[in-house]
Amino acid sequence: MPGTAADEVLEDLRSEGEELDALVAPLAEETGERWTAATPAPGWTVAHQIAHLAWTDERALLAARDPGAFRREAEAALADPAAVDTYVDDGARRGAALPPGALLALWRAGRRTLAGALRELSARPGRHRIPWYGPPMSPAGMATARLMETWAHGEDIAGALGVRREPTARLRHVARLGVRTRDFAHLVNGLEPPADPFRVELVPPPAAGGAPGELWTYGPADAPQRVGGPALDFCLLVTRRVHRDDTALRATGAAAERWLSVAQAFAGPPGAGRAPGARSHGDGGTR
């Protein structure tokens, strides 16, 4: 029987989670110094990063299983714009206070349960949209968003630990999400989205495989507004883990250049992002 649109990305989400799990699991068995190490996200330790992933998985599960309850919770939490960051921080803080083993168990169980719910929903007849803090998403879209967050927060953790993670072909999901959220990134920054499509041509990381010279491409080939360069740099930029000036990305056209200054693949306010010159592989700088 053919798989659903969500099956491939759910398999990659599982792999992304397992890779990060393998990085942090040994920390939970240590004295705690590295588990509580500061990450590039101000005020967040490694424990906060894992707690945030577990908390967001819980919110995604609620949205998938009980959209009405999720909407009521989100509306109440976001009624005061000044409380948005506190809402997210509180979820991370509560989880980070748990013993390391308990937090890891919570995150692992949440990953499995959410994946099962998304797979079940995607297999049902009809078109399903899951509410979220940004635009609603399909089950495959929600899985893609969870993969993006897992990778991005994994970069924060890697930066805290001084670990270099080799990029994989799973970045194509992050890149595609970064392209699809072009208009959303403008809107959350109070800007009018561009009227015309852009062309994006990205060079996959060597570890991603594929034929030499093969690009990840999006948009019409003849679009005058163009973005090109390393896929890794683009993914770091749209997750706001690197400053625009510290990438090898190229923009042709004023609208394309403006997009790269505000690009954002995640829901919520843009935050301060990274300062210029602060890049190191694994760096973060925003939640």
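Criteria and thresholds
- Residues numbered from 1 in each chain as written.
- Predicted model: local features only at pLDDT ≥ 70, side-chain atom pairs only at ≥ 80, totals over all residues.
- Heavy atoms only, no water.
- Pairing = 2+ DSSP bridges.
- Helix = DSSP H or I, 4+ residues; strand = E, 2+ residues; numbered from the N terminus.
- Axes fitted to C-alpha atoms, helices over the stretch in contact; angles between N-to-C directions.
- Contact = heavy atoms within 4.5 Å.
- Phe/Tyr/Trp six-rings, centres within 6.5 Å; stacked < 30°, edge-to-face > 60°.
- Buried < 20%, exposed > 50% of the residue type's maximum accessible area, 1.4 Å probe, protein only.
- Salt bridge = Lys/Arg side-chain N within 4 Å of Asp/Glu carboxyl O.

**Examining the sheet that holds strand 1 (residues 199–203)**
In sheet architecture, strand pairing relies on hydrogen bonds along the backbone and comes in two forms, parallel and antiparallel.
Logical step 1: Reading across the sheet, the four strands line up as 2-1-3-4 and stay open at both edges, with mixed pairing between neighbours. Only two strands of the sheet have a single partner each, and these edge strands are strand 2 (216–218) and strand 4 (250–252). If you compare each strand with its neighbour and ignore which way they point, the axes differ by 10 degrees on average.
Logical step 2: Here strand 1 runs beside strand 2; their pairing, made up of three bridges, is antiparallel. From the neighbouring strand, Glu201 faces strand 2, where its bridge partner is Thr217.
Logical step 3: Its contacts with the sheet put helix 7 (residues 171–180) on strand 1 and strand 2, and the angle it makes with strand 2 is roughly 20 degrees.

**Remarks on the pairing of strand 1**
Logical step 1: Relative to strand 3 (residues 226–230), strand 1 is paired through five bridges, and the arrangement is parallel. When the sheet's bridge partners are listed, Leu202 is paired in strand 3 with Gly229.

**Some remarks on the packing of aromatic side chains**
For any two aromatic rings, the description comes down to two numbers: the centre-to-centre distance and the angle of the planes.
Logical step 1: Enumeration according to the criterion identifies seven aromatic pairs in this entry.
Logical step 2: Seen in terms of ring centroids, Phe70 and Trp132 are 5.5 Å apart; in terms of plane orientation they differ by 5 degrees. Their pairing is stacked. Taken together, the residues Phe70 in helix 3 (residues 67–77) and Trp132 in the loop between helix 5 (100–123) and helix 6 (139–161) connect sequence positions 62 residues apart.
Logical step 3: Under the relative-accessibility criterion, Phe70 is labelled buried at 1%.
Logical step 4: Centre to centre, the rings of Tyr87 and Tyr133 are 6.1 Å apart; their planes meet at 70 degrees, and the pair counts as edge-to-face. In this pair, Tyr87 sits in helix 4 (residues 84–96) while Tyr133 sits in the loop between helix 5 and helix 6, placing the two residues 46 residues apart along the sequence.
Logical step 5: Here Tyr87 falls in the buried class, since its relative accessible area comes to 16%.
Logical step 6: Among the residues examined, Tyr133 registers a relative accessible area of 23% and is labelled partly exposed.
Logical step 7: Put simply, the rings of Trp55, Phe70, Tyr87, Trp132 and Tyr133 touch in pairs and so form one group of aromatic residues.

**Notes on the environment of Leu98**
Logical step 1: Along the polypeptide, Leu98 turns up in the loop between helix 4 and helix 5.
Logical step 2: For Leu98, a relative accessible area of 33% puts it in the partly exposed group.
Logical step 3: For the pair Leu98 and Ala51, spaced 47 residues apart in sequence, the C-alpha separation works out to 8.9 Å.

**Some remarks on the pattern of salt bridges**
Logical step 1: Per the counting criterion, the structure on display carries 24 salt bridges.
Logical step 2: Arg14 is the partner of Glu11 in a salt bridge, and the nearest nitrogen-oxygen pair spans 2.2 Å. You can see Glu11 and its partner Arg14 sitting in helix 1 (residues 5–24), three residues apart, about one turn around the helix.
Logical step 3: Three or more residues are tied together by salt bridges with common partners; here these are Glu16, Glu19, Glu155, Arg165 and Arg170.

Remember, this is a structural readout, not a statement about activity or role.
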